There are 2 protein chains.
Amino acid sequence: MEEGLAGASMDAVAERAGTSKATIYRWWPAKEVLALEALYQSLSDTDQREADTGSLRGDLEALLLPWVRRLGTRPYGRVIAAFVAEAQTDPVFDERYRAHFVEPRRQHAKAAFARAIARHEIPAGTDVEVALDLLYGPLYHRLLHRHAPLSDRFVADVIDAVLRGLSRPVPQLPPYGLEDVGR
Amino acid sequence: MEEGLAGASMDAVAERAGTSKATIYRWWPAKEVLALEALYQSLSDTDQREADTGSLRGDLEALLLPWVRRLGTRPYGRVIAAFVAEAQTDPVFDERYRAHFVEPRRQHAKAAFARAIARHEIPAGTDVEVALDLLYGPLYHRLLHRHAPLSDRFVADVIDAVLRGLSRPVPQLPPYGLEDVGR
(Lines give C-alpha, C1' and ligand atoms only; values in the text may rest on other atoms or scores of the structure.)
Protein backbone atom coordinates (compact mmCIF):
# COMPACT_ATOMS: atom_id res chain seq x y z
CA MET A 1 0.00 0.00 0.00
CA GLU A 2 2.97 2.32 0.51
CA GLU A 3 4.61 1.79 -2.86
CA GLY A 4 1.90 0.50 -5.15
CA LEU A 5 2.16 -2.85 -6.93
CA ALA A 6 4.83 -1.69 -9.40
CA GLY A 7 7.03 -0.39 -6.56
CA ALA A 8 6.65 -3.49 -4.39
CA SER A 9 9.33 -6.19 -4.29
CA MET A 10 9.68 -9.53 -2.57
CA ASP A 11 13.07 -8.35 -1.25
CA ALA A 12 11.46 -5.43 0.57
CA VAL A 13 8.70 -7.66 1.94
CA ALA A 14 11.23 -10.22 3.22
CA GLU A 15 13.33 -7.50 4.83
CA ARG A 16 10.36 -5.86 6.55
CA ALA A 17 9.10 -9.26 7.72
CA GLY A 18 12.56 -10.20 9.05
CA THR A 19 12.66 -13.42 7.05
CA SER A 20 14.18 -14.79 3.85
CA LYS A 21 12.84 -14.35 0.34
CA ALA A 22 12.77 -18.14 0.02
CA THR A 23 10.35 -18.32 2.94
CA ILE A 24 8.09 -15.72 1.34
CA TYR A 25 8.14 -17.58 -1.98
CA ARG A 26 7.24 -20.82 -0.20
CA TRP A 27 3.83 -19.29 0.54
CA TRP A 28 3.23 -16.84 -2.30
CA PRO A 29 4.41 -17.54 -5.88
CA ALA A 30 4.56 -13.87 -6.96
CA LYS A 31 4.32 -10.40 -5.50
CA GLU A 32 0.96 -9.89 -7.23
CA VAL A 33 -0.55 -12.83 -5.38
CA LEU A 34 1.01 -11.73 -2.09
CA ALA A 35 -0.42 -8.23 -2.55
CA LEU A 36 -3.82 -9.66 -3.37
CA GLU A 37 -3.92 -11.87 -0.27
CA ALA A 38 -2.59 -9.12 1.99
CA LEU A 39 -5.12 -6.60 0.72
CA TYR A 40 -7.90 -9.14 1.06
CA GLN A 41 -6.96 -9.89 4.68
CA SER A 42 -6.74 -6.21 5.58
CA LEU A 43 -10.08 -5.43 3.97
CA SER A 44 -12.18 -8.35 4.99
CA ASP A 45 -13.37 -6.98 8.32
CA THR A 46 -13.67 -3.32 7.41
CA ASP A 47 -14.82 -2.96 3.81
CA GLN A 48 -17.01 -5.92 3.01
CA ARG A 49 -19.53 -5.70 5.81
CA GLU A 50 -23.12 -5.92 4.71
CA ALA A 51 -25.56 -3.18 5.65
CA ASP A 52 -29.31 -3.70 5.97
CA THR A 53 -30.61 -0.13 5.99
CA GLY A 54 -34.22 -0.92 5.10
CA SER A 55 -34.09 0.49 1.55
CA LEU A 56 -32.33 -0.63 -1.61
CA ARG A 57 -30.89 2.84 -2.13
CA GLY A 58 -29.53 2.87 1.41
CA ASP A 59 -28.05 -0.60 1.12
CA LEU A 60 -26.36 0.22 -2.20
CA GLU A 61 -24.96 3.49 -0.87
CA ALA A 62 -23.63 1.67 2.22
CA LEU A 63 -21.99 -0.91 -0.04
CA LEU A 64 -20.63 1.33 -2.79
CA LEU A 65 -19.75 4.69 -1.24
CA PRO A 66 -17.00 3.52 1.18
CA TRP A 67 -15.50 1.35 -1.56
CA VAL A 68 -15.48 4.13 -4.15
CA ARG A 69 -14.00 6.61 -1.66
CA ARG A 70 -11.24 4.10 -1.02
CA LEU A 71 -10.68 3.63 -4.76
CA GLY A 72 -10.05 7.37 -4.90
CA THR A 73 -7.13 7.12 -2.47
CA ARG A 74 -3.55 6.40 -3.52
CA PRO A 75 -2.33 3.80 -3.99
CA TYR A 76 -5.40 1.67 -3.21
CA GLY A 77 -7.25 2.57 -6.42
CA ARG A 78 -4.19 1.95 -8.59
CA VAL A 79 -3.56 -1.37 -6.85
CA ILE A 80 -7.08 -2.55 -7.66
CA ALA A 81 -6.62 -1.35 -11.26
CA ALA A 82 -3.33 -3.29 -11.40
CA PHE A 83 -5.19 -6.36 -10.08
CA VAL A 84 -7.73 -6.09 -12.91
CA ALA A 85 -4.87 -5.72 -15.40
CA GLU A 86 -2.98 -8.70 -13.95
CA ALA A 87 -6.16 -10.79 -14.07
CA GLN A 88 -6.29 -10.33 -17.88
CA THR A 89 -3.17 -12.40 -18.47
CA ASP A 90 -2.69 -14.63 -15.39
CA PRO A 91 -5.45 -17.25 -14.94
CA VAL A 92 -4.35 -18.25 -11.40
CA PHE A 93 -4.34 -14.64 -10.27
CA ASP A 94 -7.64 -14.04 -12.07
CA GLU A 95 -9.32 -16.83 -10.11
CA ARG A 96 -8.09 -15.55 -6.74
CA TYR A 97 -8.87 -11.95 -7.61
CA ARG A 98 -12.42 -12.81 -8.56
CA ALA A 99 -12.94 -15.04 -5.52
CA HIS A 100 -11.62 -12.38 -3.12
CA PHE A 101 -12.60 -9.07 -4.65
CA VAL A 102 -15.37 -9.52 -7.20
CA GLU A 103 -17.63 -12.32 -5.94
CA PRO A 104 -18.05 -11.25 -2.25
CA ARG A 105 -19.02 -7.75 -3.36
CA ARG A 106 -21.51 -9.13 -5.88
CA GLN A 107 -22.96 -11.47 -3.23
CA HIS A 108 -23.56 -8.57 -0.83
CA ALA A 109 -25.24 -6.54 -3.55
CA LYS A 110 -27.31 -9.58 -4.55
CA ALA A 111 -28.52 -9.95 -0.96
CA ALA A 112 -29.55 -6.26 -0.97
CA PHE A 113 -31.57 -6.82 -4.15
CA ALA A 114 -33.17 -9.95 -2.65
CA ARG A 115 -34.28 -7.94 0.41
CA ALA A 116 -35.67 -5.22 -1.88
CA ILE A 117 -37.65 -7.83 -3.82
CA ALA A 118 -38.94 -9.34 -0.54
CA ARG A 119 -40.06 -5.83 0.54
CA HIS A 120 -41.79 -5.37 -2.87
CA GLU A 121 -39.58 -2.35 -3.39
CA ILE A 122 -38.56 -3.54 -6.86
CA PRO A 123 -40.25 -6.00 -9.23
CA ALA A 124 -39.78 -9.71 -8.42
CA GLY A 125 -38.64 -10.33 -12.00
CA THR A 126 -35.70 -7.91 -11.71
CA ASP A 127 -32.63 -9.22 -13.55
CA VAL A 128 -30.21 -8.84 -10.66
CA GLU A 129 -27.14 -9.89 -12.66
CA VAL A 130 -27.75 -7.08 -15.14
CA ALA A 131 -28.47 -4.64 -12.30
CA LEU A 132 -25.14 -5.53 -10.64
CA ASP A 133 -23.26 -4.88 -13.87
CA LEU A 134 -25.08 -1.57 -14.30
CA LEU A 135 -23.88 -0.60 -10.81
CA TYR A 136 -20.32 -1.90 -10.79
CA GLY A 137 -19.52 -1.48 -14.50
CA PRO A 138 -19.55 2.35 -14.52
CA LEU A 139 -17.48 2.49 -11.31
CA TYR A 140 -14.77 0.15 -12.65
CA HIS A 141 -14.97 2.04 -15.96
CA ARG A 142 -13.94 5.32 -14.33
CA LEU A 143 -11.31 3.56 -12.22
CA LEU A 144 -9.70 1.95 -15.28
CA HIS A 145 -10.18 4.64 -17.94
CA ARG A 146 -9.75 7.64 -15.59
CA HIS A 147 -11.68 9.96 -17.92
CA ALA A 148 -13.80 11.46 -15.13
CA PRO A 149 -13.73 11.51 -11.32
CA LEU A 150 -15.04 8.67 -9.17
CA SER A 151 -17.00 11.08 -6.99
CA ASP A 152 -19.77 10.56 -4.43
CA ARG A 153 -22.01 12.37 -6.88
CA PHE A 154 -21.22 9.86 -9.60
CA VAL A 155 -22.08 6.96 -7.26
CA ALA A 156 -25.41 8.64 -6.45
CA ASP A 157 -26.10 9.23 -10.17
CA VAL A 158 -25.38 5.59 -11.01
CA ILE A 159 -27.60 4.32 -8.17
CA ASP A 160 -30.39 6.72 -9.22
CA ALA A 161 -30.24 5.58 -12.83
CA VAL A 162 -30.28 1.91 -11.87
CA LEU A 163 -33.21 2.36 -9.48
CA ARG A 164 -35.15 4.21 -12.19
CA GLY A 165 -34.15 1.56 -14.70
CA LEU A 166 -35.58 -1.18 -12.48
CA SER A 167 -38.77 0.45 -11.45
CA ARG A 168 -40.99 0.26 -14.49
CA PRO A 169 -41.38 -1.60 -17.78
CA VAL A 170 -39.48 -0.54 -20.90
CA PRO A 171 -41.21 2.52 -22.34
CA GLN A 172 -41.57 3.37 -25.99
CA LEU A 173 -40.17 6.87 -25.46
CA PRO A 174 -42.39 9.50 -27.06
CA PRO A 175 -41.01 12.92 -27.94
CA TYR A 176 -42.29 15.21 -25.21
CA GLY A 177 -41.67 18.45 -27.09
CA LEU A 178 -44.31 20.56 -28.75
CA GLU A 179 -43.00 20.26 -32.31
CA ASP A 180 -45.70 17.85 -33.42
CA VAL A 181 -48.64 19.72 -31.90
CA GLY A 182 -51.11 20.89 -34.54
CA ARG A 183 -49.60 18.86 -37.36
CA MET B 1 -5.18 -10.74 -34.51
CA GLU B 2 -4.04 -14.30 -35.25
CA GLU B 3 -2.03 -14.85 -32.08
CA GLY B 4 -3.37 -12.35 -29.56
CA LEU B 5 -1.16 -9.74 -27.92
CA ALA B 6 0.70 -12.25 -25.70
CA GLY B 7 1.53 -14.44 -28.71
CA ALA B 8 2.68 -11.57 -30.91
CA SER B 9 6.37 -10.77 -31.39
CA MET B 10 8.30 -8.09 -33.23
CA ASP B 11 10.35 -10.88 -34.85
CA ALA B 12 7.24 -12.40 -36.41
CA VAL B 13 6.02 -9.00 -37.56
CA ALA B 14 9.39 -8.19 -39.15
CA GLU B 15 9.50 -11.55 -40.91
CA ARG B 16 5.96 -11.25 -42.26
CA ALA B 17 6.64 -7.69 -43.41
CA GLY B 18 9.91 -8.74 -45.08
CA THR B 19 11.93 -6.15 -43.20
CA SER B 20 14.27 -5.94 -40.21
CA LYS B 21 13.27 -5.69 -36.57
CA ALA B 22 15.31 -2.48 -36.36
CA THR B 23 13.08 -0.92 -39.02
CA ILE B 24 9.95 -1.93 -37.14
CA TYR B 25 11.34 -0.48 -33.90
CA ARG B 26 12.18 2.76 -35.68
CA TRP B 27 8.43 3.37 -36.01
CA TRP B 28 6.88 1.55 -33.05
CA PRO B 29 8.60 1.41 -29.65
CA ALA B 30 6.84 -1.78 -28.48
CA LYS B 31 4.61 -4.53 -29.80
CA GLU B 32 1.72 -3.19 -27.74
CA VAL B 33 1.86 0.16 -29.51
CA LEU B 34 2.24 -1.51 -32.91
CA ALA B 35 -0.81 -3.69 -32.20
CA LEU B 36 -2.78 -0.67 -31.07
CA GLU B 37 -2.00 1.34 -34.20
CA ALA B 38 -2.62 -1.63 -36.51
CA LEU B 39 -5.95 -2.41 -34.90
CA TYR B 40 -6.94 1.23 -35.02
CA GLN B 41 -6.12 1.46 -38.75
CA SER B 42 -8.02 -1.72 -39.54
CA LEU B 43 -11.06 -0.62 -37.55
CA SER B 44 -11.35 3.01 -38.42
CA ASP B 45 -13.44 2.65 -41.55
CA THR B 46 -15.55 -0.33 -40.52
CA ASP B 47 -16.32 -0.14 -36.83
CA GLN B 48 -16.48 3.49 -35.87
CA ARG B 49 -18.98 4.78 -38.40
CA GLU B 50 -21.75 6.87 -36.92
CA ALA B 51 -25.37 5.94 -37.55
CA ASP B 52 -28.24 8.44 -37.47
CA THR B 53 -31.25 6.14 -37.23
CA GLY B 54 -33.74 8.73 -35.98
CA SER B 55 -34.03 7.36 -32.44
CA LEU B 56 -31.61 7.24 -29.53
CA ARG B 57 -32.24 3.54 -29.03
CA GLY B 58 -31.50 2.88 -32.72
CA ASP B 59 -28.36 4.99 -32.69
CA LEU B 60 -27.04 3.28 -29.54
CA GLU B 61 -27.78 -0.19 -30.91
CA ALA B 62 -26.02 0.73 -34.16
CA LEU B 63 -23.02 1.93 -32.18
CA LEU B 64 -22.80 -0.78 -29.52
CA LEU B 65 -24.04 -4.03 -31.06
CA PRO B 66 -21.38 -4.45 -33.78
CA TRP B 67 -18.67 -3.53 -31.28
CA VAL B 68 -19.88 -5.97 -28.64
CA ARG B 69 -20.24 -8.78 -31.20
CA ARG B 70 -16.65 -8.13 -32.22
CA LEU B 71 -15.53 -8.15 -28.56
CA GLY B 72 -17.03 -11.65 -28.38
CA THR B 73 -14.70 -12.94 -31.11
CA ARG B 74 -11.21 -14.29 -30.47
CA PRO B 75 -8.72 -12.78 -30.20
CA TYR B 76 -10.23 -9.31 -30.73
CA GLY B 77 -11.92 -9.17 -27.31
CA ARG B 78 -8.81 -10.39 -25.49
CA VAL B 79 -6.66 -7.88 -27.39
CA ILE B 80 -8.88 -5.01 -26.25
CA ALA B 81 -8.76 -6.39 -22.67
CA ALA B 82 -4.96 -6.54 -22.94
CA PHE B 83 -4.99 -2.91 -24.14
CA VAL B 84 -6.95 -1.85 -21.06
CA ALA B 85 -4.49 -3.80 -18.88
CA GLU B 86 -1.45 -2.26 -20.61
CA ALA B 87 -2.97 1.21 -20.22
CA GLN B 88 -2.94 0.77 -16.41
CA THR B 89 0.86 0.83 -16.20
CA ASP B 90 2.14 2.52 -19.38
CA PRO B 91 1.20 6.24 -19.63
CA VAL B 92 2.29 6.59 -23.29
CA PHE B 93 0.23 3.59 -24.30
CA ASP B 94 -2.66 4.82 -22.17
CA GLU B 95 -2.76 8.13 -24.02
CA ARG B 96 -2.78 6.49 -27.45
CA TYR B 97 -5.28 3.86 -26.39
CA ARG B 98 -7.67 6.48 -25.10
CA ALA B 99 -7.23 8.73 -28.14
CA HIS B 100 -7.82 5.86 -30.57
CA PHE B 101 -10.28 3.55 -28.83
CA VAL B 102 -12.08 5.35 -26.03
CA GLU B 103 -12.59 8.97 -27.13
CA PRO B 104 -13.88 8.41 -30.72
CA ARG B 105 -16.48 5.98 -29.42
CA ARG B 106 -17.55 8.40 -26.70
CA GLN B 107 -17.76 11.23 -29.25
CA HIS B 108 -20.08 9.18 -31.47
CA ALA B 109 -22.30 8.31 -28.52
CA LYS B 110 -22.27 11.96 -27.40
CA ALA B 111 -23.45 13.02 -30.87
CA ALA B 112 -26.31 10.48 -30.62
CA PHE B 113 -27.36 11.96 -27.27
CA ALA B 114 -27.15 15.49 -28.68
CA ARG B 115 -29.47 14.49 -31.54
CA ALA B 116 -31.89 12.89 -29.03
CA ILE B 117 -31.91 16.10 -26.99
CA ALA B 118 -32.49 18.17 -30.15
CA ARG B 119 -35.45 15.88 -31.01
CA HIS B 120 -36.79 16.33 -27.42
CA GLU B 121 -36.54 12.59 -27.04
CA ILE B 122 -34.67 12.91 -23.72
CA PRO B 123 -34.49 15.84 -21.27
CA ALA B 124 -32.16 18.70 -22.23
CA GLY B 125 -30.51 18.48 -18.82
CA THR B 126 -29.40 14.87 -19.34
CA ASP B 127 -25.94 14.24 -17.88
CA VAL B 128 -24.44 12.71 -21.00
CA GLU B 129 -21.10 11.87 -19.37
CA VAL B 130 -22.88 9.75 -16.76
CA ALA B 131 -25.10 8.19 -19.43
CA LEU B 132 -22.02 7.18 -21.46
CA ASP B 133 -20.45 5.51 -18.42
CA LEU B 134 -23.72 3.70 -17.71
CA LEU B 135 -23.62 2.34 -21.27
CA TYR B 136 -19.94 1.53 -21.71
CA GLY B 137 -19.12 0.60 -18.11
CA PRO B 138 -21.21 -2.60 -17.96
CA LEU B 139 -19.90 -3.73 -21.36
CA TYR B 140 -16.24 -3.28 -20.39
CA HIS B 141 -17.07 -4.86 -17.03
CA ARG B 142 -18.17 -8.14 -18.64
CA LEU B 143 -15.24 -8.00 -21.08
CA LEU B 144 -12.71 -7.62 -18.25
CA HIS B 145 -14.27 -9.70 -15.47
CA ARG B 146 -15.78 -12.37 -17.78
CA HIS B 147 -18.39 -13.35 -15.17
CA ALA B 148 -21.29 -13.38 -17.67
CA PRO B 149 -21.66 -13.34 -21.46
CA LEU B 150 -21.44 -10.17 -23.55
CA SER B 151 -24.61 -11.07 -25.43
CA ASP B 152 -26.89 -9.05 -27.71
CA ARG B 153 -29.50 -9.42 -24.98
CA PHE B 154 -27.18 -7.82 -22.42
CA VAL B 155 -26.59 -4.86 -24.75
CA ALA B 156 -30.36 -4.44 -25.15
CA ASP B 157 -30.86 -4.68 -21.36
CA VAL B 158 -28.20 -2.03 -20.73
CA ILE B 159 -29.66 0.32 -23.34
CA ASP B 160 -33.18 -0.22 -21.93
CA ALA B 161 -32.05 0.54 -18.38
CA VAL B 162 -30.19 3.68 -19.45
CA LEU B 163 -33.14 4.96 -21.51
CA ARG B 164 -35.46 4.37 -18.55
CA GLY B 165 -32.94 5.98 -16.24
CA LEU B 166 -32.88 9.13 -18.38
CA SER B 167 -36.54 9.52 -19.01
CA ARG B 168 -37.93 10.78 -15.75
CA PRO B 169 -36.91 12.45 -12.50
CA VAL B 170 -35.55 10.45 -9.58
CA PRO B 171 -38.48 8.73 -7.87
CA GLN B 172 -38.87 8.07 -4.18
CA LEU B 173 -39.66 4.41 -4.75
CA PRO B 174 -42.81 3.37 -2.90
CA PRO B 175 -43.44 -0.28 -2.06
CA TYR B 176 -46.06 -1.36 -4.60
CA GLY B 177 -47.14 -4.51 -2.76
CA LEU B 178 -50.38 -4.94 -0.85
CA GLU B 179 -48.82 -5.47 2.59
CA ASP B 180 -49.67 -1.99 3.86
CA VAL B 181 -53.27 -1.86 2.62
CA GLY B 182 -55.77 -1.54 5.46
CA ARG B 183 -53.23 -0.62 8.11
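Residues numbered from 1 in each chain as written. Chains lettered and ligands numbered in written order. Predicted model: local features only at pLDDT ≥ 70, side-chain atom pairs only at ≥ 80, totals over all residues. Heavy atoms only, no water.

Quick look at the confidence of the model for chain A now. All names here are of chain A. Here chain A shows a mean pLDDT of 85. Residues at 70 or above account for 87%. The lowest-confidence element of chain A is helix α1 (residues 4-7), averaging 75 in pLDDT; the highest-confidence one is helix α8 (residues 128-145), averaging 96. Both scores are given for the predicted complex: the pTM is 0.82, the ipTM 0.81. (pLDDT = per-residue confidence, 0-100. Helix = DSSP H or I, 4+ residues; strand = E, 2+ residues; numbered from the N terminus.)

Moving on: the packing of aromatic side chains. Residue and element names in this part refer to chain A. Using the criterion set out here, one finds 14 aromatic pairs over all chains in the structure. Taking 6.5 Å as the distance between ring centres and 5° as the angle between the ring planes, the aromatic pair formed by F93 and Y97 counts as stacked. With a gap of four residues between them, F93 and Y97 both fall in helix α7 (residues 91-118), about one helical turn apart. The same class applies to F93 as to Y97, namely buried. Three or more aromatic residues joined by ring pairs form one cluster here, namely F83, F93, Y97 and F101. Against the face of Y76 rests R70, its NZ or CZ located 5.3 Å from the ring centre. (Phe/Tyr/Trp six-rings, centres within 6.5 Å; stacked < 30°, edge-to-face > 60°. Buried < 20%, exposed > 50% of the residue type's maximum accessible area, 1.4 Å probe, protein only. Lys NZ or Arg CZ within 6 Å of the ring centre and 35° of its normal.)

With respect to the helices and strands, F101 of chain B occurs in helix α7 (residues 91-118). Put simply, F101 of chain B and I80 of chain B are 21 residues apart on the chain and 9.1 Å apart in space, counted from C-alpha to C-alpha.

Moving on, we get to the pattern of salt bridges. Following the criterion strictly, the structure yields 28 salt bridges over all chains and no others. Note that R146 of chain A is salt-bridged to D94 of chain B, the shortest N-O span being 3.0 Å. Residue R146 of chain A is found in the loop between α8 and α9 (152-166), and its partner D94 of chain B is found in helix α7; the two belong to separate chains. A residue is classified by how much of its surface remains accessible, and R146 of chain A, at 29% relative accessible area, is partly exposed. With its nearest N and O atoms 2.9 Å apart, the salt bridge here joins E37 of chain B to R96 of chain B. With E37 of chain B in helix α4 (residues 31-43) and R96 of chain B in helix α7, this pair connects stretches of sequence that are 59 residues apart. Residue E37 of chain B is classed as buried on the basis of its relative accessible area, which comes to 17%. A single salt-bridge network, built from bridges that share partners, covers R106, K110, E129 and D133 of chain A together with R142 of chain B. (Salt bridge = Lys/Arg side-chain N within 4 Å of Asp/Glu carboxyl O.)

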